[in-house]
Amino acid sequence: MKIRFLLPVVLIATLLLAGNVLGGSVVRTGTLTFSAPVYEIEDLVAELQEDGNNVLVSGKVKNLGHSPVKGYVIVYFKNKKGAVVHSVETDVNKNRPFPRGKAGIFETSANIGNTTDIQNVVIEFVNK
């Protein structure tokens, strides 16, 4: 009688163990990596115009990702404490996609006549 009960128990235990080994839940250890689009700002120029009120900002966004991108840049003007005192947005590459390894250009101007203490210009690319 004990053998009758022992055989089904061994069979069920074997199936459960095989299920866990072949496709059951597995705990993964270690660091998982995530990838995100990568962009590089190149040839950034910020020139204060002769009137002292307007700044012309231009540059390129290089696409280091794996697929074409299109989007816009946000130009942040920051003071010496790092606070944003003014910002402006403009399209990159006339709002047309640009492929991997290529750069899209941007150019914009901003009136900063009423804004004092601008020490830094920071560019952020936003992929649409």
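Before reading further, recall that the structure is shown in the block above.
Residues numbered from 1 in each chain as written. Predicted model: local features only at pLDDT ≥ 70, side-chain atom pairs only at ≥ 80, totals over all residues. Heavy atoms only, no water.

Focus on the overall build of the protein chain
Turning to step 1, where the next piece is worked out: Regarding its fold elements, the protein chain presents one helix and six strands.
Turning to step 2, where the next piece is worked out: The helix and strand sequence of the protein chain, counted from the amino end, reads α-β-β-β-β-β-β.
Turning to step 3, where the next piece is worked out: Looking at the protein chain as a whole, 20% of its 128 residues are labelled buried.
Turning to step 4, where the next piece is worked out: Taking as baseline every contact in the protein chain between residues at least 6 positions apart, the subset at least 24 positions apart corresponds to 61%.
Turning to step 5, where the next piece is worked out: When the accessible surface of the protein chain is totalled, it reaches about 9,600 Å², and 55% of it is carbon and sulfur. (Helix = DSSP H or I, 4+ residues; strand = E, 2+ residues; numbered from the N terminus. Buried < 20%, exposed > 50% of the residue type's maximum accessible area, 1.4 Å probe, protein only. Contact = heavy atoms within 4.5 Å. Areas by Shrake-Rupley, 256 points an atom, 1.4 Å probe, with all protein chains shown as cover.)

Comments concerning the packing of aromatic side chains
Turning to step 1, where the next piece is worked out: Applying the stated criterion across every chain, the model contains two aromatic pairs.
Turning to step 2, where the next piece is worked out: Ring geometry for Y39 versus F125: centroids 4.6 Å apart, planes at 65°, classification edge-to-face. Remark: F125 occurs in strand 6 (residues 120–127) and Y39 occurs in strand 1 (residues 39–48); sequence separation between them is 86 residues.
Turning to step 3, where the next piece is worked out: F125 gets classed as buried once you look at its relative accessible area, which sits at 12%.
Turning to step 4, where the next piece is worked out: On the numbers, 6.2 Å between centres and 65° between planes, the contact of F98 with F125 is edge-to-face. One end of the pair, F98, is in the loop between strand 4 (84–91) and strand 5 (103–111); the other, F125, is in strand 6, and 27 residues separate them in sequence. (Phe/Tyr/Trp six-rings, centres within 6.5 Å; stacked < 30°, edge-to-face > 60°.)

Quick look at the pairing of strand 5
Turning to step 1, where the next piece is worked out: The side-chain alternation of strand 5 yields one buried face, formed by G104, F106, T108 and A110, and one unburied face, formed by A103, I105, E107, S109 and N111.
Turning to step 2, where the next piece is worked out: Sheet topology note: the strand 2 (residues 54–63)/strand 5 ladder contains nine bridges and is antiparallel. The residue of strand 5 that forms the bridge with K60 is I105. (Pairing = 2+ DSSP bridges.)

Here we look at the environment of V75
Turning to step 1, where the next piece is worked out: Secondary-structure assignment places V75 in strand 3 (residues 71–78).
Turning to step 2, where the next piece is worked out: For V75, a relative accessible area of 0% puts it in the buried group.
Turning to step 3, where the next piece is worked out: Between the alpha carbons of V75 and F125 there is a distance of 9.0 Å; along the sequence they are 50 residues apart.
Turning to step 4, where the next piece is worked out: Ignoring any residue separated from it by four or fewer positions in sequence, one finds V75 in contact with V57, H86, S87, V88, T108, V121, V122 and I123.

A look at the sheet that holds strand 4
Turning to step 1, where the next piece is worked out: The three strands lie next to each other as 4-3-6, forming an open sheet whose pairing is antiparallel. Each edge of the open sheet is held by one strand with a lone partner, namely strand 4 and strand 6. Going across the sheet, the axis of each strand differs from the next one's by a mean of 20°, ignoring polarity.
Turning to step 2, where the next piece is worked out: As defined by bridge partners, strand 3 adjoins strand 4 across seven bridges and the pair is classed as antiparallel. Residue pairing across strands places V75 opposite V88, the latter belonging to strand 4. (Axes fitted to C-alpha atoms, helices over the stretch in contact; angles between N-to-C directions.)

Description of the pairing of strand 1
Turning to step 1, where the next piece is worked out: Here strand 1 pairs with strand 2 via eight bridges, running antiparallel. Following the sheet pairing, I41 is matched in strand 2 by V61.
Turning to step 2, where the next piece is worked out: Two successive antiparallel strands, strand 1 and strand 2, enclose a turn made up of five residues, where G52 displays a positive phi of approximately 80°.

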